[in-house]
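Summary of the model geometry
Listed here are the chains, written in short residue letters.
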Amino acid sequence: MSGRSGNRKPGNRSGRVSSGGAPQAINGVPVVVGQRIECHIVGLTHDGEGVGRFEGYTLFVRDALPGERVQAEVVSIGKSFGKARMTELLESGTGSRVAPPCPIYDTCGGCQLQHMAYAEQLRWKRQHVVDNLVRIGKLKVADDGGSVIVHPTIGMDDPWRYRNKAQVPIGHGVGGLIGGFYEQGSNDIVEMDACLIQEVENEETVRAVKEAARLLDIPAYNRVTGRGLLRHVVVRHARTTGQRMIVLVTNGRDIPHAQELVGLIREKIAGVVSVCQNVNTLVTPVVFGEETRVLWGEEVIYDEIDGIQFAISPRSFFQVNPEQTVRLYGKAVEYAALTGDETVIDAYCGAGTISLFLARHADRVYGVEIIPEAIEDARRNARINGIQNAEFAVGPAEVVMPRWQSEGIVPDVIVVDPPRKGCDPILISTMLELRPSRIVYVSCNPSTLARDLRLLEDGGYRTVEVQPVDMFPHTGHVECCSLLVRKN
Ligand code: SAH
């Protein structure tokens, strides 16, 4: 088998094969673009590319897996590394290669690891976490005789059809309006109706919206000219209640035939309780603009995680894999080890999800989050669940936490769940001054996690254990829940 799809013939995209003789090394780079080389794959990047070495030079080889020996064609070169595309599998590695079930895996940029057996993905994700903790965090992990335990990744029993939210770019195709995904490494939209990591309900909803928009001649947005109307269709499905939300992201306020559009969609799809519009007129890859309004129905949908109800509005952050969310939040609660007497801070709290889980076991919880709508949701979520010991503030956590400190709030436990860039340095130093006995760090990025754990270690904390959780099977992403305790 060659290439990750198994249906691509070796080298069928290359008209430019190397000249045969070894080319001259330019600036110490021993390869040129178009050259075919053979290399052994020694690792995997977080984007799922194989890491190959050729005469001391590093090449990231798309489609190749660790342990394999491959032939690859160089597609670009830089001073310290280059990129290549696998053209032939010469020697199998550890037997982790599988045929990716998705027919568009080759063109779509959504998944990176479908060509790797799921058990191997889980092992690799754990190793990726360990490597970051060791290299960036300078931590001593139990694997090497140290004390930091990194548990095996918690995976899914059935790692498909897990996403409860779809965000589909809309554009022009041959037959008119299309919607699907951005082609790998480009801004071109490819029409798609089925995605194997997406819930079937979301596929149905997106299909109905596209059909209705075509019928009513609603113009698709053109990313080159900045003209046209419909930019994105975002749909959510709450698995526990069956409720569905549709958000039409548009380049301008007026949608022709808006109510007919809603009618056509509702005729097709039961369970739609909310159709909203978000206006985004900027030339930007960011999906949402500032203005959101209800076109029809409710302003939120309701979902439930482990007995707690959550209202979800169009723009608020809500974990996309409900089955794994229970496991992740369960770990956060376990690591917080609450007895009912504690004061807890939940920084980067989104719609208050983790906060409300913690509130059931704590005396008082303070949540902070930068998006005002998310805090409105958090307050509403506390109210509808009858939770009275959770309080929420809007603002940057690095501003609000020092304010709480000056107001005399003394947390026993701090939970943080920052975005990919990790915690703000001011937040870290405030945490160190507040001296909670435990810190629970939920992270979606192992490298910034490792950086921040080092700062916390240097400030008097010990990393006890790290639990990777697979929230996004078949992609390179890995989520971790970590426990730190104060040293004295
Ligand atoms: N804990 C929540 C949300 C985690 S996602 C959950 O599990 O659902 C990270 C959140 O941090 C997002 O909601 C984002 O809006 C918020 N955020 C980003 N930067 C922030 C900052 N500087 N201060 C506070 N919140 C921030």
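You'll find the structure just up there.
What this report covers is the structure whose coordinates are included nearby. (Residues numbered from 1 in each chain as written. Predicted model: local features only at pLDDT ≥ 70, side-chain atom pairs only at ≥ 80, totals over all residues. Heavy atoms only, no water.)

1. Quick notes on the side chain of Glu-68
Selection rule: By definition, any uninterrupted DSSP run of H or I lasting at least four residues is a helix, any uninterrupted run of E lasting at least two residues is a strand, and each is numbered from the N terminus. Partly exposed describes any residue whose relative accessible area lies between the buried limit of under 20% and the exposed limit of over 50%, with all areas from a 1.4 Å probe on protein chains only and scaled to the type maximum.
In this fold, Glu-68 is placed in the loop between strand S3 (57-62) and strand S4 (69-77). The class for Glu-68 is buried, based on a relative accessible area of 3%.

2. Describing the sheet that holds strand S1 (residues 36-44)
Just so we agree on the cut-off: One requirement defines pairing of two strands: DSSP has to find at least two bridges between them. To obtain each axis, a line is fitted to C-alpha atoms, and for helices this fit is confined to the stretch in contact; angles are then taken between N-to-C directions over 0 to 180 degrees.
Reading around the circumference, S1-S2-S3-S5-S4 is the order of the five strands in this closed barrel, with mixed pairing throughout. In this sheet, neighbouring strand axes are inclined to one another by 50° on average, regardless of whether the strands run parallel or antiparallel. Inspection of the sheet shows S1 paired to S4 by five bridges, in the antiparallel sense. Directly across from His-40, in S4, lies its bridge partner Arg-69.

3. Remarks on the site of the ligand
Stated precisely, the cut-off is as follows: Being near a molecule or strand, for a residue, means having at least one of its heavy atoms within 4 Å of it. Within 3.5 Å is the distance limit for a polar contact, defined as a pair of N or O atoms, with the added protein rule that one can donate a hydrogen and the other accept it, and that residues adjacent in sequence qualify only through two side-chain atoms. Only the protein chains shown count as covering a residue, and every accessible area follows the Shrake-Rupley method with a 1.4 Å probe. Three classes are used: nonpolar for Ala, Val, Leu, Ile, Met, Phe, Trp, Tyr, Cys and Pro, charged for Asp, Glu, Lys and Arg, and polar for all others, with Gly counted as polar.
Around the ligand there are 17 residues in total, and Tyr-329, Thr-353, Glu-369, Ala-397 and Asp-417 lie nearest to it. At 2.7 Å, a side-chain N or O of Glu-369 approaches an oxygen atom of the ligand. Within the backbone of Ala-397, one N or O atom sits 2.8 Å away from a nitrogen atom of the ligand. Contact with the protein chains hides 90% of the accessible area of the ligand, taken as 580 Å² for the molecule alone. Elements that contribute at least two residues to the shell around the ligand include exactly helix H5 (353-359) and helix H7 (397-406). When the residues that make up the shell around the ligand are grouped by side-chain class, the tally is ten nonpolar, four polar and three charged.

4. With respect to the nonpolar core
Stated formally: Here, the term nonpolar core denotes a set of buried Ala, Val, Leu, Ile, Met, Phe, Trp, Tyr and Cys residues that are joined through side-chain atoms within 4.5 Å. Residue ranges assigned to the domains are those given by an automatic or database domain assignment. Contact criterion: two residues are considered in contact whenever any of their non-hydrogen atoms come within 4.5 Å of each other.
Among the nonpolar cores identified, the biggest contains 60 residues, and Val-344, Leu-356, Leu-358, Phe-392 and Val-440 are the most heavily contacted of them. At six residues, helix H4 (residues 322-336) tops the list of elements feeding residues into this core. Both domain 2 (165-305) and domain 3 (321-486) contribute no fewer than three residues apiece to this core. Residue contacts for Val-344: discarding those within four places in its chain leaves Leu-338, Leu-358, Ala-362, Arg-364, Val-365, Tyr-366, Val-413 and Val-415.

5. Focus: the pattern of salt bridges
The following threshold applies: Salt bridges are counted wherever a side-chain nitrogen of Lys or Arg sits within 4 Å of a carboxyl oxygen of Asp or Glu.
As enumerated under the stated definition, the model contains 29 salt bridges in all. Here Lys-210 ties to Asp-193 by a salt bridge, and the two come within 3.2 Å at their closest N and O atoms. Pair noted here: Lys-210 is in helix H2 (residues 200-215) and Asp-193 is in the loop between strand S9 (189-191) and H2, with a separation of 17 residues, a long-range link. We classify Lys-210 as buried; its relative accessible area is 2%.

6. Quick notes on the packing of H7 against helix H8 (residues 425-434)
Counted only if it meets this: Note that the term roughly parallel is reserved for angles under 35 degrees, roughly antiparallel for angles over 145, roughly perpendicular for angles of 65 to 115, and oblique for everything else. Handedness of a helix crossing follows the sense of rotation of the near helix relative to the far helix, less than a right angle counterclockwise being left-handed and clockwise being right-handed.
Look at H7 against H8: their axes get within 8 Å of each other, and the N-to-C directions meet at 25°. For the element pair H7 / H8, the angle class is roughly parallel. Crossing of H7 over H8 shows left-handed handedness. Across from Ala-397, Glu-398, Met-401, Pro-402 and Gln-405 in H7, the residues of H8 making contact are Ile-426, Leu-427, Thr-430, Met-431, Glu-433 and Leu-434. Residues that form the contact of H7 with H8 fall into these classes: seven nonpolar, two polar and two charged.

7. Description of the sheet that holds strand S13 (residues 291-297)
Taken together, seven strands build an open sheet; the order of strands is S9-S8-S7-S10-S11-S12-S13 and the sheet is mixed. Two strands close off the open sheet at either side, each with one partner strand: S9 and S13. Averaged over all pairs of adjacent strands, the angle between strand axes in this sheet comes to 35°, irrespective of strand direction. For strand S11 (residues 244-250) and strand S12 (residues 272-279), the ladder comprises seven bridges, and the chain directions are parallel. The residue of S12 that forms the bridge with Val-249 is Asn-278. Set on the sheet, H2 makes contact with strand S7 (165-173), strand S8 (176-182), S9, strand S10 (230-237) and S11; between it and S10 the angle comes to about 145°. Its contacts with the sheet place helix H3 (residues 258-268) against S11, S12 and S13, and it is angled at close to 60° to S13.

8. Focus: the packing of aromatic side chains
Rules: Pairing of aromatic side chains requires ring centres within 6.5 Å, counting the rings of Phe and Tyr and the six-membered ring of Trp. Pairs whose planes differ by under 30 degrees are stacked, by over 60 edge-to-face, and all others tilted. The criterion for a charge sitting over a ring is simple: Lys NZ or Arg CZ within 6 Å of the ring centre, and within 35 degrees of the ring normal.
Summed over the entire model, instances satisfying the criterion amount to four aromatic pairs. For the ring pair Phe-310 and Phe-318, a centre distance of 5.9 Å and an interplane angle of 55° mean the geometry is tilted. A relative accessible area of 0% means that Phe-310 is categorised as buried. Taking the relative accessible area as the measure of exposure, Phe-318 reaches 9% and is therefore buried. Look at Tyr-366 and Trp-404: their rings are 5.5 Å apart centre to centre, the planes differ by 55°, and that puts the pair in the tilted class. With Tyr-366 in strand S17 (residues 364-369) and Trp-404 in helix H7, the pair connects residues that are 38 residues apart, well separated along the chain. Under the relative-accessibility criterion, Tyr-366 is labelled buried at 10%. Sitting over the ring of Tyr-221, Arg-231 keeps its end group 4.4 Å from the ring centre. Seen from the ring of Tyr-366, Arg-364 lies directly overhead, with NZ or CZ sitting 5.9 Å from the centre.

9. Considering the environment of Leu-65
Within the secondary structure, Leu-65 is located in the loop between S3 and S4. For Leu-65 and Glu-38, which are 27 residues apart along the polypeptide, the C-alpha to C-alpha distance reads 14 Å. Sequence-distant contacts of Leu-65, defined by excluding residues within four places in its chain, comprise Ile-41, Leu-44, Ser-96, Arg-97, His-115 and Met-116.

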